[in-house]
Structures are given as C-alpha cells and as structure tokens.
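Chain and residue survey
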Amino acid sequence: MHQSFDFIVIGGGSAGYAGARTAHDAGARVAVVDGAAELGGLCILRGCMPSKTLIYSAEVLHLAQHGTAFGLDIPHARANPAALQERKRRMVAEFASCRVEQLQSKRFHLFRQQARFTGPREVTLTDGTILTGKHFLVATGSVIAHPPVPGLDKVKALTSDDVLNLDHIPKSVIVLGGGVVACELAQYLQRVGSQVTLIQRSPHLLKENSPEAALVVEKALRDDGMHIFTKTHIEKISPLSKGGAQVTFTHGERRLTRRATVLFNALGRKPATQNLGLELAGVKLNDSGHIQANKFLRTTNPAIYAAGDCTGPHEIVHVAILQAETAARHALGKKASPVNEAHLVKIIFTDPQLATAGFTEKQLRDRGIPYVAASYPFDDHGKSILMEARRGYVKIFARKPDGRLLGAECVGRDASELIHAPAVALPLNATVHDLLRAHWYHPTLSEIWTYPLEECAASLAG
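Residues numbered from 1 in each chain as written. Predicted model: local features only at pLDDT ≥ 70, side-chain atom pairs only at ≥ 80, totals over all residues. Heavy atoms only, no water.

**What to know about the overall build of the protein**
On a plain count of helices and strands, the protein comes out with 14 helices and 22 strands. Over its C-alpha atoms the protein spans a radius of gyration of 24 Å, differing by no more than 12% from the 23 Å that the globule rule assigns to 462 residues. With the principal axes as the frame, the protein shows a C-alpha extent of 70 × 65 × 45 Å. Considering the protein as a whole, with its 462 residues, one finds that 52% of them fall into the buried category. If you take every contact in the protein between residues at least 6 apart in sequence, the share linking residues at least 24 apart comes to 64%. (Helix = DSSP H or I, 4+ residues; strand = E, 2+ residues; numbered from the N terminus. Rg over C-alpha atoms; globule rule 2.2 N^0.38 Å. Buried < 20%, exposed > 50% of the residue type's maximum accessible area, 1.4 Å probe, protein only. Contact = heavy atoms within 4.5 Å.)

**Quick look at the pattern of salt bridges**
Evaluation of the coordinates by the stated rule reveals 19 salt bridges. A salt bridge links Glu-218 to Arg-222; the shortest N-O distance between them is 2.8 Å. Of this pair, Glu-218 and Arg-222 both sit in helix 7 (residues 211-223), 4 residues apart, which is roughly one turn of that helix. For Asp-223, the salt bridge goes to Lys-219, with nearest N and O atoms at 3.1 Å. With Asp-223 and Lys-219 both in helix 7 and 4 residues apart, the pair spans about one turn of that helix. Asp-223 sits in the partly exposed class, given a relative accessible area of 44%. A network of salt bridges, in which partner residues are shared, links Arg-191, Asp-224 and Asp-351. (Salt bridge = Lys/Arg side-chain N within 4 Å of Asp/Glu carboxyl O.)

**Thoughts on the sheet that holds strand 9 (residues 172-176)**
In space, the 5 strands of this open sheet follow the order 8-15-9-10-11, with parallel pairing throughout. Bordering the open sheet on either side are strand 8 (157-158) and strand 11 (227-229), each of which pairs with just one other strand. In this sheet, strand 10 (residues 195-199) lies alongside strand 9 in parallel orientation, the contact comprising 5 bridges. In the sheet register, Ile-174 faces strand 10, and the bridge partner there is Thr-197. Contacting strand 9, strand 10 and strand 15 (262-265), helix 6 (residues 180-192) crosses the sheet at an angle of about 160° to strand 10. (Pairing = 2+ DSSP bridges. Axes fitted to C-alpha atoms, helices over the stretch in contact; angles between N-to-C directions.)

**Focus on the sheet that holds strand 21 (residues 393-399)**
In sheet architecture, strand pairing relies on hydrogen bonds along the backbone and comes in two forms, parallel and antiparallel. Read across the sheet, 5 strands follow the order 18-19-22-21-20 without closing on themselves; strand pairing throughout is antiparallel. The outermost strands of the open sheet, each flanked by one partner alone, are strand 18 (345-348) and strand 20 (371-377). Neighbour-to-neighbour, the strand axes of the sheet open up by a mean angle of 5°, direction not taken into account. In this sheet, strand 21 lies alongside strand 20 in antiparallel orientation, the contact comprising 7 bridges. Each bridged residue has a counterpart across the sheet, and for Val-372 the counterpart in strand 21 is Ala-398. Sheet contacts for helix 14 (residues 450-461): strand 20 and strand 21; angle to strand 20, the most-contacted strand, approximately 150°.

**Regarding the pairing of strand 1 (residues 2-10)**
Relative to strand 6 (residues 130-138), strand 1 runs parallel, the two being bridged by 8 bridges. For Gln-3, the partnering residue across the bridge sits in strand 6 and is Leu-131. Two strands pair when backbone bridges link them, and strand 1 and strand 2 (residues 30-33) are joined in this way by 4 bridges, in the parallel orientation. Bridge pairing in strand 2 places Ile-8 opposite Ala-31.

Take it as geometry only, folks, not as evidence of what the structure does.
So this is what it looks like as structure tokens:
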C-alpha cells in the first residue's frame, strides 16, 4: 500500500496529538502513526498522571499520620498497595480512553504500526505500507536511560515504569539520581513505607534549581526519614545473594556501602530516536542526542519537524504541546509563534513543591539583566501557618527600572498552584505595580506574593 498525506505525525502522545489536531484544524489531511502496545503516550500511561495520582495519595497518608498537629486522632493510617494501584489504574484508564477516542476519530488516519524513514519525505511502516507526506512531525518522546555506571547492567534495577506499577511496598530502596523523577518517587516510596536511600552525584538535589530552593526540599525529604548522600561517586553496584543490590560509593573522603532489597534507576531519560531512520531523511541529532531543530521546531530536513522529549530541551508536557502546535502551524504556512523561554513554567511535585516561572536568578545574572529581587517565607504567613505548611518561600524578580516581572520562584505547599499567578503576569508584561492593584484575598496562600511584590516596588521607588 502507498498513501499520501499533507501532515504525518509519528507518535500519538501529548505532542503528537497536539500537532495532529492543529494540522487538521488548519485544513490538512493528517495521519498519525503509533505502534506502541497502548495508545496514550508517556504522560498519561507512565508519567504525569500515574505518578501524581500516587504522590497525592502519599501526601494524604502523610497528613493523616501527622493528624495530631491538627488536633486529630487518626491511629491507623497506612498504605494499601493494592488499593493504591487500583485507584491509579482507574485514573489512567479514564485519561487514556479519552486520548484513544481522540486519536481514533475521523479527523485522522491512525496507523497502529512502527514507522521508519526510508527517504526525505517517506516512511515505511512495519507492515510494509509506505506513507509519503508534504510535512512530518516526529514526536516519539523519550525512554529510560541506562548510563554506564559500573555494575548497573549486572543488577535487576527498577525504572520509574516499574515503581509506578509496584503491587507491594519494598522494605528498602536505593535510588540512583537526584533529579525530578528521583525525588518525587523517592518521597512517595518513603511515605508509603519503604526505607529509602538516595545517592546523587551533584552537590545538591534538583541541580537545575537554585541551591536555596533545593535545600528546602532536601530537608523535607530527610525529615521524612530518607537517607540522602550528595556529591558522590559510585564505584560499583553488585547483586546480593538473596536479591536486592549493594552500592559502593565515595562521599567526601569516605568510602561507603549501602544495601537494599530494591535498586531504583532514576538517572534520567534519553530521546527515543532509535530505529527511526532519521539519517535516511537527512535529520541530524545534536550533541545530547536530541533531534536538532530551530525555533519553529524545523529539523535539518525542511519537511520534517520535531516536538517534545525527542527534541527537548525541556521534558515538560505543556511545552511539548506548545512546540507541536508551533510546528504544525509553521509547516502549513499559518502564523506561528516560537515557544517563549522567558515565560517557561517548571514544577516539581515533591512535598514541599518547587515551582519557577520565567527567568531564574542565575539566568538573570548570566544575561546581565538589571533586576531587583525580594522573597517572603511561608513560616511568617497566616494561611500557611494554620495549614502547618511553614516550609519554603516565594521570590519575585522584577526588571529595573520599570518593575516588569521577569521571573518567580516558589518552594512550599501548593507551589504548583501558586506559581500560576506570576506565570499569567509574564506574557502580559505586567509590572509589580500592576500586580499590586489586584485583589489578593485574605487569608489565602496566594496573598503571600504581595509581600515580595511590595518590597520590589519600594526598592524600585527608592
């Protein structure tokens, strides 16, 4: 068989569906190719939705176990792994069924096959079908990375996929890595009953964030009972005779060994670009292995675009969707706006949560942008105090001399929700003075932003 389309999408996850939908709405004849065992993509099946479902359950458990702080007597709060998994499966199935219905709609031609480029404008599917297209969007996502850590390939290590499907609570877990997935799922495991040891190479956890914010999260993890080692070097990983693993590593000037019944490889993901035949299509990869693309997500082959984890640089669902929409519009000659990095929102769902919007303070310094900054702690704010949510702070960055908002940082309870106040202000080019004209209701967590806003305004006036 041989079929032709205006726009062919490889991958039916969040980016792929967004690109297909946008192309269809622009009048294109669209094909979607996805040969995965299940339709839905990483976010729905093995990422955002299952992980946040389990993390939220663990947060409820944690609050129940600390009920005495709220004047409550809850003597037997504990995790039920079978019930946790059943609830997670129910949630995932609900979201996945919606995505399947969307992909199977008459708007698209859906091919449940794997695709491989066999020319600059041609892919061949696993059943031999050949598809030619005017434009393509590669949205194949990412896969678990297996770095060359000595002995890692000799031990049965769990991945995030495995952790999300655990039907029991491991007695002890060693987590390799200190990034977003490592910290979120390590805290989940600790809270549902495992004894977790986290081993991280960098000087502090969550290395892409400010040390100040990361240390707030790290202290919370330690207070949960987690054993954390940062600034380490793993020398060797060995299997134990009765199952589990042993990790030998250096920490400062000490050589340490830790054992656990389960080893969790949380050392990151890599772009899913293998076996796509990109070289036959003239599509180049960059040094990190991601698909090389310009600001409109166009690759080194003008007919082929890429979006999401396979092109990066951010493994964030809403960014993948924005990229795919930009790519589809640009490919079809419609008005397209590149993803604005100055408005980027990033969130980590630990407890406390960590969220940023716009430029970080390091980025402002590196770029030499003149700014003022102010912060305010949760432990001096009415609503957070009565919620027993005293950890963390909010911080505002505003441009000199006009006070235009440049960025914000929040680490604390419900930071994932709080960050959207400054996130909305950024694309509106709002100033701190504009934001102070808004009604900030008392007592709410959101009104905590008024304190650094007022301090920035006073600093600019002075």
